[in-house]
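If you want the building blocks of each chain, they are given just below.
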Amino acid sequence: MRSEWTDARRIVVKIGSSLLVDSAAGALRREWLSALCEDIADLRAQGKEVIVVSSGAIALGRNVLKLPKGPLKLEDSQAAAAVGQIDLAHAYEDAFRARGLVAAQVLVTLGDTEERRRYLNARSTITTLLKLGAVPVVNENDTVATNEIRYGDNDRLAARVASMMSADCLVLLSDVEGFFTAPPGSSSDARRLDEVPEITPEIEAMAGDVGSELSRGGMVTKIEAAKIAVQAGTDMVIASGKVMNPLRALATTGVCTWFLARSDPTTARKRWIGGTLEPRGAVVVDSGAAAALGSGKSLLPAGVTRIEGHFERGDAVVIRNGEGVEIGRGLTAYGHAEAEALIGRKSSEIAAILGYLGRPELIHRDDMTLHRKGQ
């Protein structure tokens, strides 16, 4: 077993339609799904957190609605998703419940991982589900997504979720057993690569669009997913899902392709917050709060002395000490008006001040980077 697998504490597993749904019968492969959930239960027993990104709703729904084969109009896809999602959710619920686990359905759109206010909400919800012991099952909200805003494939959706959740490992279960130098079957010289340490133009040129009838993805989208994942500090692996207990097979056989990240998720996320996002304002803190931040604490409203600028929830802001020196940056849980109302107040007073029970931190430590070694 590779350390990228054994050391991973948070894993995202993406499952495609072609694995979940029998293309001839249009029915769910329940025995395969049961075996997969058995693998996930084993990982949970090892203390790992698992998030599932699942396709299959449209493939299931189109069969129930007796829609024709081939590409569907947008409204037909949305109708199929609305019907199929019910069956898919029940199937996951039953399979996980049989193993003593709770399944949680999470439907997302592109904006949920691109717009920072919604990004914080989605991240917080999934984090809470993991803390409570549930297995989040994520899918693109095909019922309301449009051609202009939809991901178009769940490989990239899975990579966005892995990035958002600071996952250690992203598993793309595919109908092929890894990344090949040429599409399998297209050339006698095609060979599987065990490891891709860097996505070069040569690697991109090797990818071919080999998506099946029920799958919108192909190897091209898997390379795009790998770019997103490794930039976020997440190792990604492509492995065959055409076997029973595919995660167990991944761990024991090693037949797969690993795309390696150059840094860990925490480092990559803090680099993104500190160096990529443009700050929209500033938060000035007292000496006690500055010391608390330096010891790894979150920023509470009680330690804030002044708010500068006009920012909204989820925006990046500069954190300054009483001398005006920038000591860090972070994503704020409140807009400037609410933050001003909370200056110097205890977290227990938030509900009375704002009229709703908001988050106790103005900036959570996971959404913060400090200009200090080790932070």
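Nothing here was measured: the structure is a model prediction, and the numbers come from that model. (Residues numbered from 1 in each chain as written. Predicted model: local features only at pLDDT ≥ 70, side-chain atom pairs only at ≥ 80, totals over all residues. Heavy atoms only, no water.)

A. Representation of the packing of helix α3 (residues 30-45) against helix α5 (residues 74-97) within the structure. Across the interface, α3 lies against α5 with an axial gap of 9 Å and an inter-helix angle of 50 degrees. It follows from the interaxial angle that α3 and α5 lie oblique. In this structure, α3 crosses over α5, and the sense of that crossing is right-handed. In this structure, α3 contributes R30, L33, C37 and I40 to the contact, and α5 contributes A91, Y92, A95 and F96. Taken together, the residues of the contact of α3 with α5 sort by class into seven nonpolar, no polar and one charged. (Axes fitted to C-alpha atoms, helices over the stretch in contact; angles between N-to-C directions. Helix = DSSP H or I, 4+ residues; strand = E, 2+ residues; numbered from the N terminus. Parallel < 35°, antiparallel > 145°, perpendicular 65-115°, else oblique. Left-handed = near helix turned anticlockwise from the far one by under 90°. Contact = heavy atoms within 4.5 Å. Nonpolar A, V, L, I, M, F, W, Y, C, P; charged D, E, K, R; others polar.)

B. Inspection of the sheet that holds strand β11 (residues 235-240) at higher detail. Taking strand neighbours across the sheet as the criterion, the eight strands line up as β5-β6-β4-β1-β7-β11-β12-β10 in an open arrangement whose pairing is mixed. Edge positions in the sheet fall to β5 (102-108) and β10 (195-196), since each of these pairs with one other strand and no more. Relative to strand β4 (residues 49-54), strand β1 (residues 10-15) runs parallel, the two sharing six bridges. The residue bridging I15 from the neighbouring strand is S54, located in β4. Seen against the sheet, helix α10 (residues 219-231) touches β7 (169-174), β11 and β12 (256-259) and runs at an angle of roughly 150 degrees to β11. (Pairing = 2+ DSSP bridges.)

C. Representation of the nonpolar core within the structure. Ranked by internal contacts, the top residues of the largest apolar core, which has 46 residues, are I51, I126, V138, L170, F179, M236 and F259. Of all the secondary structure elements, the ones that give two or more residues to this core are β4, β5, α7 (116-131), β6 (134-140), α8 (154-164), β7, α10 and β11. Residues in contact with L170, not counting those within four places in the same chain, are V12, A158, A159, A162, A229, T234, D235, M236 and V237. One finds V21, W32, A57 and A91 within the second-largest nonpolar core, a separate group that totals 40 residues. (Core = buried A, V, L, I, M, F, W, Y, C linked by side-chain atoms within 4.5 Å. Buried < 20%, exposed > 50% of the residue type's maximum accessible area, 1.4 Å probe, protein only.)

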